[in-house]
Amino acid sequence: MANLYIGLVHYPIMNKHKDVITTAITNYDIHDIARASITYDVSKYFVIHNIPAQRELAATIMEHWKSGFGSTYNPDRKDAFTEVELVNSIRKAVDLVTEAEGVRPIIATTDARTYDNTITYSAMRKHLENDSRPVLVLFGTGYGMTKETMEEFDCILEPIYGHGEYNHLSVRSAVSIILDRLRGEAWWEKN
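Only a predicted model underlies this, so the values are computations on that prediction, with no experimental measurement involved.

## Examining the environment of Asp131
Moving on, step 1. Tracing the backbone shows Asp131 in the loop between α6 (121–130) and β8 (135–140).
Moving on, step 2. Asp131 sits 130 residues away from Met1 along the chain, and the two C-alpha atoms are 5.6 Å apart.

Below, the structure is given as structure tokens:
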């Protein structure tokens, strides 16, 4: 079975005008994705931000739950932060996975559009279950990562389609859905 890593990318990100920006870290993204990560046995959740002050803010938020008042107020939440790491770039996250695993991970990302290298959740799930090469799935904030950045990755997971026409999930929701598709129980096989 391959180890699964994820990263929440805040730069380089596009805004709605397709300008390259850096998005702000949010408490909910850190906290909720950490909880989903531990639930689905993610080896490491990287919060990727290029601005030191934003990483310091994230560290303060995490410390509240790991050793501050939050750790005694709601002790279960402390566990969610055991595999969260703050890094300054996508490259740093890739390097840390490569160092831990001894091999460069397959780097996948997500988007609401399809590309030539789009793969299905079923194909990625089969890889995770049957192969040993680790996978790093990167999630963009804002309006997604730049096209140039996405072209550097090995594959792009297919879009998440709901029942209606609206298709703009929060990153927290998308991460939870994707982790369930990649590592959740095979509910469709039950009677």
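Back to the write-up after that little detour.
## Looking at the UniProt feature "domain: tRNA (guanine-N(1)-)-methyltransferase C-terminal" (unreviewed entry) in the protein
Moving on, step 1. Feature annotation in UniProt places "domain: tRNA (guanine-N(1)-)-methyltransferase C-terminal" (unreviewed entry) on residues 3–183, given in this structure's numbering.
Moving on, step 2. The span residues 3–183 is 43% helix and 19% strand, and its two end C-alpha atoms sit 11 Å from each other.

## Things to note about the sheet that holds strand β6 (residues 106–110)
Moving on, step 1. Taken together, seven strands build an open sheet; the order of strands is β5-β4-β1-β8-β6-β9-β7 and the sheet is parallel. Whereas interior strands pair on both sides, the edge strands pair on one side only; in this sheet they are β5 (84–87) and β7 (118–119).
Moving on, step 2. Looking at chain direction, strand β1 (residues 4–9) and strand β4 (residues 44–48) are connected through five bridges and run parallel. Paired with Leu8 across the two strands is Val47, which belongs to β4.
Moving on, step 3. In the packing of helix α5 (residues 90–101) onto the sheet, the strands contacted are β1, β4, β5, β6 and β8, and the crossing angle to β4 comes to about 160°.

## As for the packing of aromatic side chains
Moving on, step 1. Scanning the entire structure with this criterion turns up three aromatic pairs.
Moving on, step 2. Look at Tyr5 and Phe46: their rings are 6.5 Å apart centre to centre, the planes differ by 20°, and that puts the pair in the stacked class. Here the residue Tyr5 occupies a position in strand β1, and Phe46 occupies one in strand β4, the gap between them amounting to 41 residues. Summarising the burial analysis for this pair, Tyr5 and Phe46 share the class buried.
Moving on, step 3. Taken together, a centroid distance of 5.6 Å and an interplanar angle of 85° make the contact between Trp187 and Trp188 edge-to-face.

## Some remarks on the nonpolar core
Moving on, step 1. Within the largest apolar cluster, 37 residues are counted, with the highest numbers of intra-cluster contacts made by Ile6, Tyr45, Met124, Val137, Phe139, Leu179 and Leu182.
Moving on, step 2. With six residues, helix α8 (residues 171–183) is the single largest residue contributor to this core.
Moving on, step 3. Once residues lying within four places of it in the same chain are set aside, the contact partners of Phe139 are Ile6, Gly7, Leu8, Val9, Thr110, Met145, Val171, Val175 and Ile178.
Moving on, step 4. Within the second largest apolar cluster, 18 residues are counted, among which are Ile90, Ala93, Val94 and Ile156.

## Some remarks on the packing of helix α1 (residues 27–39) against helix α2 (residues 52–66)
Moving on, step 1. At their nearest, the axes of α1 and α2 sit 10 Å apart, and the two run at 50° to each other. Here α2 runs oblique to α1, going by the angle between their axes. The element α1 and its partner α2 pack so that their crossing is right-handed. Contact residues: Asn27, Ile30 and His31 in α1; Ala58, Ile61, Met62 and Trp65 in α2.
Moving on, step 2. Of the residues that constitute the contact of α1 with α2, the class distribution is five nonpolar, two polar and no charged.

Cut-offs and rules
- Residues numbered from 1 in each chain as written.
- Predicted model: local features only at pLDDT ≥ 70, side-chain atom pairs only at ≥ 80, totals over all residues.
- Heavy atoms only, no water.
- Helix = DSSP H or I, 4+ residues; strand = E, 2+ residues; numbered from the N terminus.
- UniProt positions renumbered as here; feature names shortened; annotations may be inferred.
- Pairing = 2+ DSSP bridges.
- Contact = heavy atoms within 4.5 Å.
- Axes fitted to C-alpha atoms, helices over the stretch in contact; angles between N-to-C directions.
- Phe/Tyr/Trp six-rings, centres within 6.5 Å; stacked < 30°, edge-to-face > 60°.
- Buried < 20%, exposed > 50% of the residue type's maximum accessible area, 1.4 Å probe, protein only.
- Core = buried A, V, L, I, M, F, W, Y, C linked by side-chain atoms within 4.5 Å.
- Parallel < 35°, antiparallel > 145°, perpendicular 65-115°, else oblique.
- Left-handed = near helix turned anticlockwise from the far one by under 90°.
- Nonpolar A, V, L, I, M, F, W, Y, C, P; charged D, E, K, R; others polar.

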